[in-house]
Amino acid sequence: MASVTFNHVYKRYGDVTVVSDLNIAVADKEFLVFVGPSGCGKSTSLRMLAGLEEISDGEILIGDRVVNNVAPKDRDVAMVFQSYALYPHMTVYDNMAFGLKLRKTPKKIIDERVNEAARELGIDHLLDRRPRQLSGGQRQRVAVGRAIVREPAVFLMDEPLSNLDAKLRVEARSFISKLHQRLETTFIYVTHDQVEAMTMGTRICVLNAGQLQQIDSPFNLYHNPRNVFVAGFIGSPSMNFFDATLKPDGDNLEVDTGAFTLKIPANKAAPFKSHVGSEVILGVRPEDIHDTNYLPQGITPANISASVEVIEQMGNEMIIYLQNGGKNFIARTDPRTDAQVGGNLGVTFNLDNVHLFDKNTELSLAYESKQAEQS
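Residues numbered from 1 in each chain as written. Predicted model: local features only at pLDDT ≥ 70, side-chain atom pairs only at ≥ 80, totals over all residues. Heavy atoms only, no water.

Asker: So what exactly am I meant to see when it comes to the overall build of the chain here?
Answerer: Looking only at helices and strands, the chain features nine helices and 20 strands. Dimensions of the chain, computed from C-alpha atoms along their principal axes, come out at roughly 80 × 45 × 35 Å. For the chain, with 375 residues in total, the buried portion stands at 47%. (Helix = DSSP H or I, 4+ residues; strand = E, 2+ residues; numbered from the N terminus. Buried < 20%, exposed > 50% of the residue type's maximum accessible area, 1.4 Å probe, protein only.)

Asker: Help me out: how do you make sense of the sheet that holds strand 8 (residues 186-191) in this one?
Answerer: The strands that make up a sheet pair up through hydrogen bonds in the backbone, lying either parallel or antiparallel. The six strands lie next to each other as 6-7-8-3-9-10, forming an open sheet whose pairing is mixed. With partners counted over all chains shown, the strands left at the sheet margins are strand 6 (77-80) and strand 10 (211-216), one partner each. For this sheet, the mean angle separating the axes of adjacent strands, direction not counted, is 15 degrees. Where strand 6 lies against strand 7 (residues 154-158), four bridges are found, and the strand directions are parallel. Within strand 7, the residue paired with Val77 across the bridge is Val154. Against the sheet, helix 4 (residues 136-148) contacts strand 6 and strand 7, and its axis sits at roughly 175 degrees relative to strand 6. (Pairing = 2+ DSSP bridges. Axes fitted to C-alpha atoms, helices over the stretch in contact; angles between N-to-C directions. Contact = heavy atoms within 4.5 Å.)

Asker: Just checking my understanding: could you explain the pattern of salt bridges for this structure?
Answerer: Opposite charge on two side chains permits them to pair, given that their charged atoms come into close proximity. This structure, assessed with the given rule, holds 17 salt bridges. Note that Asp57 is salt-bridged to Arg12, the shortest N-O span being 2.7 Å. Remark: Arg12 occurs in strand 1 (residues 4-13) and Asp57 occurs in strand 4 (residues 57-62); sequence separation between them is 45 residues. For Arg12, a relative accessible area of 32% gives the class partly exposed. We note a salt bridge from Asp94 to Lys101, for which the minimum N-O separation is 3.2 Å. Given the relative accessible area of 27%, Asp94 is considered partly exposed. The structure contains a network of salt bridges with shared partners spanning Lys11, Arg47 and Glu53. (Salt bridge = Lys/Arg side-chain N within 4 Å of Asp/Glu carboxyl O.)

Below you can see the structure in the form of structure tokens.
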């Protein structure tokens, strides 16, 4: 078991910096997820930790040991790749045992570890088959089993579910989460899928263009995003954004989008008062916009009317694309909502959950205020 530390880590290819000043401390037994769009540097960060990419600057530590110049085989990590990287000519048993054989592990220990891992993963009846005879989900479990038998200090997983269909991905997410609980080992997992990140990670590291945007629990990333990028990346459908101006309203505040105005509840206004008169970005999640006929209890409401442009009937909910005064936005409403394309719909914004961001820096005003209080 081991902690992992990225200490001012950079990765450059010529004049292009793909990872910039990465500082992360991963606790022993933690499940950390790197998430972000394609090209953000998440897989490169994982590969630097594994020793498959050289570090341009900084240090990476596994436990208390700096591993910058340590060969991949000596870092005590095991990696599961997106392609699974199974040897097609070998049986499942031989694929799982291969790393142990290279280390000249005694055959008795190899047998014990492979058979035990195969039972845990539910693939003990497949040990004599070759990869081409397996389904995608079975291959994924073989790749995980090959990592388990090595008993590494750190498990690294690079988008291991991306080749599976939707149903198998759901099952595999649960399987990997349970595996982490059972093994009590440090897991570092890379994905571009924010649903995977939110459901699996104890903490999530959000990257964009090689820079760390925020590292936090799934709850805090959703409810307290640091900036516009994090707010828009976490959540599906993504958060609605409106250019607006923050104005005084007697002793209270209001946000004027030019199409409609929302009053900020008095108990939420404190972090924003120093920004009165400023241009801001208003953020509202689709799930905080409701059909006025089906409101959850206890919210602070603000009602507007909007024209309906597209309706997606999901069964348990409706995704409705709306427009008001030239502002386009998405609502996630009760499935009983009576909406018609081309008609109007009365919707309610839950003012308790609105977000405000600085127009220039795109930083959350509430997050900045909280950080100032703590410093």
